[in-house]
Amino acid sequence: FSVMARDTAQVMIGGPALVERALGLKLTKEELGGADVHASSSVIDNIAADEEDAFRQIARFLSYMPQNAWQRAPRLECRDPVDRREEALLAVVPRDQRQPFKITDVIEMVVDRGTFFHLCPDYGPSLVVGLARINGQSVGVTGNDCRHLAGAMTAEAAQKMRRFIETCDSFHLPMVNFIDEPGFMIGPQAEQGGAIRYGMAAVMAASRATIPWASILIRKNFGVASAAHYGPGAYKLSWPSAQYGALPIEGGIAVAYRRQIEEAEDPAALRASLEEDLARTRSPYPTAESFAVHELIDPRETRPALCDWVEWIQPQLETLTEPVTF
């Protein structure tokens, strides 16, 4: 975990004088390597208001971690009711699929109150990662933030995901994923940035994880990128708002019905009609009935279900007391 005080710390390979002499660019230390620069470059995880705040954040981060990789992650007394059911979870996902919502609101309503510690918020912002406690147990938490590129897995988000999975695996923190994954980011910038390369590294990190894993399908769950949200033997919960498939309906129709749409008298009308027809058939029930998820739940039951899961995994956590090789 790395943190910088906003106004008093800088990190740089070469200082302003060297940069000006070599490149002809006149920049201040802050412009060249200040906290805002490196929060978005991933050199640091978080920004602190001052040095005192930096030490507070470091202490908070360490409070979730074991003393070393030969110990299990800590579990504290839980003072938040394990059967707490948040009514607001019923309405958090908009009925209009194009409307965003704040995934950190979901996370904070589910984990033990006041325990979510957001990490690296300015790098790869389509993915949220952080530490929290559920039923007193330290856990790693991830969630797609649909307010940024619909939550798509960019090269930056994938690197963030891989590093976080490996950190949790190294220190035996169970992983909890809140999934609203539309897939890998597409387009020329994504291709030039190596989204598929870094994305598959994140998928591989998930597939090799040794920690207990829970996945909650909130809304979208599309493409190969979704595999980065499931570790081996993951406990899978699904909300009624969940969607599954190789592609979102809109993208699938654009591929499968391309010729018909191009040849139609009103391509836009045909596309809209096809999307509407297929949207009516979308349902989470066939997936649940085929046992592709463990439970289809009322969103309000998410915390109670995860608190039960924390109890179930305690024997497994007792065995995870050795360093992990990557």
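Structure: see above.
Quick look at the structure, then. (Residues numbered from 1 in each chain as written. Predicted model: local features only at pLDDT ≥ 70, side-chain atom pairs only at ≥ 80, totals over all residues. Heavy atoms only, no water.)

### Concerning the packing of aromatic side chains
Applying the stated criterion to the full structure yields 4 aromatic pairs. Geometrically, the ring pair formed by phenylalanine 1 and phenylalanine 61 is stacked, given 4.9 Å between the ring centres and 15° between the ring planes. Of this pair, phenylalanine 1 sits in the segment before strand S1 (3-5) while phenylalanine 61 sits in helix H4 (residues 51-63), placing them 60 residues apart in sequence. Ring centres of tyrosine 235 and tryptophan 312 lie 5.5 Å apart, and the angle between their planes is 75°; on these two criteria the pair is classed as edge-to-face. One end of the pair, tyrosine 235, is in strand S8 (residues 235-238); the other, tryptophan 312, is in helix H13 (residues 302-312), with 77 residues separating them in the sequence. Looking at tyrosine 235, the relative accessible area reads 8%, which means it is buried. Its relative accessible area of 53% is what places tryptophan 312 among the exposed residues. The rings of Phe1, Phe61, Tyr64 and Phe117 are connected pair by pair, giving a single aromatic cluster. Stacked on the ring of tyrosine 64, the Lys or Arg arginine 133 has its end atom at 4.4 Å from the ring centre. (Phe/Tyr/Trp six-rings, centres within 6.5 Å; stacked < 30°, edge-to-face > 60°. Helix = DSSP H or I, 4+ residues; strand = E, 2+ residues; numbered from the N terminus. Buried < 20%, exposed > 50% of the residue type's maximum accessible area, 1.4 Å probe, protein only. Lys NZ or Arg CZ within 6 Å of the ring centre and 35° of its normal.)

### Details of empty space enclosed by the protein
Per the stated rule, a full pass over the model turns up 1 cavity of 30 Å³ or more. A volume near 40 Å³ is recorded for the largest cavity. Taken together, Ser126, Leu127, Asn144, Gly151, Ala152, Met153, Ala157, Ala158, Met161, Glu181 and His229 make up the full set of residues lining the largest cavity. Residues belonging to the lining of the largest cavity are distributed by class as follows: 6 nonpolar, 4 polar and 1 charged. (1 Å grid on protein atoms, 1.4 Å probe; cavity = no way out; pocket = protein on both sides within 12 Å on 5 of 7 lines; lining within 4 Å. Points joined across faces, edges and corners; volume = space filled by probe spheres on them. Nonpolar A, V, L, I, M, F, W, Y, C, P; charged D, E, K, R; others polar.)

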